[in-house]
Amino acid sequence: MSEAEPKPAVALPQIFALFARIGLTSFGGGLSAWIYREVVDRRHWLNEDEFLAGLTLAQILPGPNVINISIYIGQRLRGTRGGDTAVLALLLPPMVVAVGLLILFRAYGQLVWLHDLLEGIAAAAIGLTFAVGYRAARHATKANRWAPFVLVPHLRIDARAASTTLGWEEKPTYYLLDSMITGIVLKTLLCLMREQVW
């Protein structure tokens with residue numbers, strides 16, 4: 001969608017349905033990637049530059065990024081009512097489900113397979129977070145050749161945080177993640193040196 005094209009008219013129930021679905025079906029993080037896919041790629045409610053501007057704003061404002069980006073998207077689409085609707089839809093249905101699951105977890109929390117399932121879900125959420133970071137890095141390197149040098153320490157810190165969260169700090173998985181990130185950054189740098197955009 002170009003800047004000149006008008007944005008599609010989005011009804012409040014559409015905003016509510018999307019953010020409720022995202023809130024109800026996401027686990028442990030990675031929501032920025034999912035919101036990007038839904039709002040920019042699938043529905044074309046915002047373009048990539050608008051979304052990344054909102055994500056940047058969400059990261060510098062106090063409070064959880066996903067709440068801030070939801071307010072931003074809802075406000076861009078339908079003003080204050082849109083922002084309120086997006087946040088309410090993102091938080092209320094999952095909160096009701098979480099309370100219900102808490103009741104069940106108290107009864108069945110001793111099951112080992114349940115803990116393994118939750119660790120797998122957390123790993124998937126970390127992968128989605130890396131996907132958004134990759135898109136942002138790719139976008140940043142198109143305009144700024146120095147961006148990979150700034151991103152390397154941040155991505156390595158993210159890999160360490162992810163490994164610690166999942167209890168991998170003493171396992172080879174951390175080193176695999178760290179090596180993978182370093183390789184991606186080095187490949188990006190090589191492509192940029194050759195005047196190519198990866």
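Coordinates for the structure precede this section.
In what follows, the accompanying structure is described. (Residues numbered from 1 in each chain as written. Predicted model: local features only at pLDDT ≥ 70, side-chain atom pairs only at ≥ 80, totals over all residues. Heavy atoms only, no water.)

Considering the overall build of the protein
Within the protein, the secondary structure is distributed over seven helices and zero strands. Listing the helices and strands of the protein from first to last along the sequence gives α-α-α-α-α-α-α. A burial count over the protein gives 35% of its 198 residues as buried. By sequence separation, contacts in the protein at least 24 residues apart represent 58% of the contacts at least 6 residues apart. (Helix = DSSP H or I, 4+ residues; strand = E, 2+ residues; numbered from the N terminus. Buried < 20%, exposed > 50% of the residue type's maximum accessible area, 1.4 Å probe, protein only. Contact = heavy atoms within 4.5 Å.)

Details of the packing of aromatic side chains
Inspection of the entire model under this criterion finds one aromatic pair. Arranged with centres 5.1 Å apart and planes meeting at 80 degrees, the rings of Y36 and F51 form a pair that is edge-to-face. Highlighted residues: Y36 in helix α2 (residues 31-42) and F51 in helix α3 (residues 48-60), separated in sequence by 15 residues. The ring of W45 has R43 lying over it, and the distance from NZ or CZ to the ring centre is 5.6 Å. (Phe/Tyr/Trp six-rings, centres within 6.5 Å; stacked < 30°, edge-to-face > 60°. Lys NZ or Arg CZ within 6 Å of the ring centre and 35° of its normal.)

Quick word on helix α4 (residues 65-108)
In this model, α4 (44 residues) spans only 32 Å end to end at C-alpha, well below the 64 Å of a helix rising 1.5 Å per residue. At R78, α4 shows its maximal kink, close to 145 degrees. (Expected span 1.5 Å × (residues − 1). Bend = angle between axes of the 7 residues up to and from the residue.)

Concerning the packing of α2 against α3
It is at 10 Å that the axes of α2 and α3 come closest, and there the two elements cross at 150 degrees. In terms of orientation, α2 and α3 fall into the roughly antiparallel class. Considering how the two elements wind past one another, α2 and α3 form a crossing that is right-handed. For the pair α2 and α3, contact is made by S32, I35, Y36 and V40 and by E48, F51 and L55, respectively. (Axes fitted to C-alpha atoms, helices over the stretch in contact; angles between N-to-C directions. Parallel < 35°, antiparallel > 145°, perpendicular 65-115°, else oblique. Left-handed = near helix turned anticlockwise from the far one by under 90°.)

Section: a nonpolar patch on the surface
On the surface, L24, V97, L101, L104, Y108, L111, W113 and L117 cluster together into a nonpolar patch covering about 770 Å² of accessible area. Going through the elements one at a time, α4 and α5 (112-143) are the ones with two or more residues in the nonpolar patch. It is α4 that provides the largest number of residues to the nonpolar patch, a total of four residues. Topologically, L104 is positioned in helix α4. (Patch = residues over 30% accessible without salt bridge, like charges linked within 9 Å, V, L, I, M, F, W, Y side chains within 5 Å. Areas by Shrake-Rupley, 256 points an atom, 1.4 Å probe, with all protein chains shown as cover. Salt bridge = Lys/Arg side-chain N within 4 Å of Asp/Glu carboxyl O.)

Quick notes on the pattern of salt bridges
Per the counting criterion, the structure on display carries four salt bridges. For E38, the salt bridge identified is with R42, shortest N-O distance 2.8 Å. Placement of both E38 and R42 in helix α2 is noted, with a separation of four residues, approximately one turn of the helix. In this structure E38 comes out as buried when scored by relative accessible area, which is 1%. In this structure, R43 and E38 form a salt bridge, with 2.2 Å as the shortest nitrogen-oxygen distance.

Section: the nonpolar core
Ranked by size, the top nonpolar core spans 28 residues in total, and within it F19, I22, I35, V39, F51, I69 and I73 carry the most contacts. For this core, the elements supplying multiple residues, two or more each, are α1 (12-25), α2, α3 and α4. Contacts of F19, omitting those with residues within four sequence positions, involve I35, S70, I73, A86, A89 and L90. (Core = buried A, V, L, I, M, F, W, Y, C linked by side-chain atoms within 4.5 Å.)

Observations regarding unusual backbone geometry
The backbone of H44 shows a phi angle near 55 degrees, a positive value even though the residue is not glycine. A relative accessible area of 43% means that H44 is categorised as partly exposed.

A look at α2
The α-helix winds at 3.6 residues per turn, so residues separated by three or four positions along the chain end up facing the same way. Taken across its 12 residues, α2 has nine buried, putting it largely inside the fold. Three or more residues of α2 are buried, namely L31, S32, A33, W34, I35, Y36, E38, V39 and V40.

A short note on the side chain of N68
For N68, the location among the structural elements is in helix α4. Owing to a relative accessible area of 13%, N68 belongs among the buried residues under this scheme.

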